[in-house]
Amino acid sequence: SKLHTPRTHERARTKARTRARRRAHPRADARLASTLGASMSGAPSPTSGGTAGLLPAERARCSFDAGKLEELVQGKRNEANAAFKPIFQGKPFDDADMKDYWSYEERFSRQLERTAEAMVRIRDPKNRKFMMIHMKQGIRMADMFETGSLGIHFSMFLTFLKTNASKEQQDKWLPLAQEGRYFGAYAQTELGHGSNVRGLETLATFDKEADEFVIHSPTLTSLKWWPTGMYACTHGVVFAQLIIGGTNYGMHGFMVQFRDDQGNLMPGVEVGEMGPKINTDNTNIGYSRFTHVRIPRFNMFAKFQQVSREGAYTAPPRNLNKFRYISMMSIRMLIVGWSYRDLAKAATIAIRYSCVRKQGFTDTTVDDPLGSGVGEHCVMDYKVQQYRTLKALATAYCFLWSARYTSEYLARIQNTVTMGTDAERDAAAAEMPELHATLSGLKVWSTLWAHNGIEDCRKACGGQGYLRSSGIADLSPNFAEPTTVEGEQVIMSLQVARYLIKAVAELSAGKPLVGSVEYLKDAPIKPLDASAWRPDTENLMVLMRDRAARTALKLGTAFQAAQAKGLGFDCAINEVAVLGYKAAEVHSAYVFVRNNDLALKGHVKDPNINRALVRLLDLVMLTQIREHAGDWIGCLNEEILDVVEARVSELLAELRPDAVGLADGFGCSEDELKSTLGRHDGNVYEAIYAEAKMSPLNATPRMVGWEHLERVVDKDFLREGMRTQRAGGPVALAAKL
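What you see is a predicted model; the values in this text were computed from it and never measured.

> Explain the overall build of the chain here, please?
Broken down by element type, the chain carries 26 helices and 13 strands. Computed over its C-alpha atoms, the radius of gyration of the chain comes to 29 Å, within 12% of the 27 Å expected for a compact globule of 737 residues. With respect to the three principal axes, the spread of C-alpha positions in the chain is 110 × 90 × 55 Å. When burial is assessed residue by residue, the chain has 49% of its 737 residues classed as buried. Counted over contacts in the chain with a minimum sequence separation of 6, partners at least 24 positions apart contribute 73%. Roughly 35300 Å² of accessible area belongs to the chain as shown, and the carbon and sulfur atoms make up 55% of that amount.

> Just checking my understanding: could you explain the pairing of strand S7 (residues 269–273) for this structure?
A regular strand carries its side chains on alternate faces of the sheet. Of all five residues that make up S7, four are buried, and the element is covered over most of its length. Here S7 runs beside strand S8 (residues 285–290); their pairing, made up of five bridges, is antiparallel. What sits directly across from Val 269, in S8, is Phe 290.

> Help me understand the pairing of strand S1 (residues 184–187), please; the structure alone is not making it clear to me.
Where burial is concerned, the two faces of S1 agree: the one with Gly 184 and Tyr 186 and the one with Ala 185 and Ala 187 are both buried. Where S1 and strand S5 (residues 235–244) come together, four bridges link them in parallel fashion. Residue Ala 187 lies in a different strand from S5, and its bridge partner there is Val 238.

> Looking at this structure, I do not really get unusual backbone geometry. What am I missing?
A cis amide bond links Lys 91 with the next residue in sequence, Pro 92, at an omega value of 0°. Phi is positive for Asp 211, close to 55°, though the residue is something other than glycine. Looking at the element boundaries, Asp 211 is found in the loop between strand S2 (203–207) and strand S3 (212–216).

Scoring rules and cut-offs
Residues numbered from 1 in each chain as written. Predicted model: local features only at pLDDT ≥ 70, side-chain atom pairs only at ≥ 80, totals over all residues. Heavy atoms only, no water. Helix = DSSP H or I, 4+ residues; strand = E, 2+ residues; numbered from the N terminus. Rg over C-alpha atoms; globule rule 2.2 N^0.38 Å. Buried < 20%, exposed > 50% of the residue type's maximum accessible area, 1.4 Å probe, protein only. Contact = heavy atoms within 4.5 Å. Areas by Shrake-Rupley, 256 points an atom, 1.4 Å probe, with all protein chains shown as cover. Pairing = 2+ DSSP bridges.

Here you go:
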């Protein structure tokens, strides 16, 4: 007989609950479809919330073609998703809605099962087109089904392989990696070191006699910690200090195999999974320890640096050495897009639900508001609700344009690294400080602002936003992941601050300035005259640019003053860190709105769509001024701030008819939203009820756990109620006299 442990008992109970739930409750969509059969009249009834006509009416008010906006935002992505979705239908892709009732181990196993089956299916020759588009990043696997964490293989690992492996290494490793014939992790962060990459403790010591590197974790704090997907990866890029003949040549990347052909760990390799995180879907984030693991000399990534058979080290050219961090830059760029997508989802859900939900009588002075038929306000008509939700929507669009800008920028650099001439690579290397600072700042502030916006949108949904079926309740805690990963916010911001300090020094030295810091050459603006100043896009952009310039110059001056007191570079940076953090924030805010403005001018040709999107850009800048007015002390007086406040109110009124159309423009599918509140058809109450019925506790009329509660209740009192309470027909209304 089988050995039964608490874990096997839990799995058995989970499976039993799942079977009972499925017997008692068909799938949500099928049940909802039957529920909606009587709901299209638009009138409330026992089976209808009466909301079917509300969102269509909202869309009819829109000042532009929302379909054209969606095409501008999504391109052909939704069409491609629809075309390829059938590849991933049926088992094991059709049970993700059950995940809340699975154990931790079962969640991981199901994710891995879906990933493996997906790879099998896309290798089918008839699905070759999907594979090619996916390899070119034209489609995301996450749009097809609920994936696990092995996407890291196709992002950071592949990027590092393409940009840091020699031709011989790419010939051996790249083709199999691109087809998912093995999976690679990006093992950099350690238990004791994160952002201080130069302080990593893992060692790679060259053994000249054996022509091998010995990968070793000498301390507890040298364990690799936090690599996404590591537990399920067969290989990894392991970053370690290169030691040759007792000399440390700094951090380098090495290809290390974790598991053998039976899934067991390789000799000397320890790999584990870290356990539950805030996001319960993250069941595959790992750690590893290496105990004198020997790998061939060939396994050191050698595109720019090499170690000879005799142990001679050839260093990369100084400029090209900067490219080793390009994988981190690529993931930070993806995180800006992540901020856009999740904030867009939250704004879509909150706006659609706010246009459906009624709250507060339109006339509270009548004696009988229910009987008089005065009706209730749509929640979206309240100004504060407009401010909260439209601010989030505008910020999401701002992130969208910046994600596109940085994606194109980074792609150009990556192409130069892999295919450019030496002169082109030198030019690209010269751009790396700007790119690094830009992505560091955008990663930090996109995630911080998105996290705040997502949570505010959740609160704007009232009590229903507490339900996980709302689709917005999980967005907020789960977004702690992008806010946390790939660089702590203060340290990343101080990297931006260092870049700004250097730019100020170059300005003082008369050197040319390029890129985002060209604003340092501008003359500071003078106090504004409220009678002449207008809060249009151009004037608002000037204010954003001026704030960034003034704060950066203050930072440079403060840093120079700290050094003049005898402080060394690092102590001086710490001395001005609070101001540096602020300078990074306002610099990043300017870069966001600048990118937004450039994108609208370059890509949006439809005048009606452009008008609406410019209003959103203006709202982003106006909310910055309204909420951080102190940043413009000396430039803005109380009268100017009154003008700003009035313009915010006007903008909200102008954007109100376009709210649903702008949310629709994101093109978020029902599969992406997974929301009862953000349904495109507006039938939210039917969906909420149908989802609630799916709980295993509702499988039978008898209370689950009654055998425990009946020990303490007064059954005689309950029986008394059974004699006096019954189900019957409705009250017969008396004829009016």
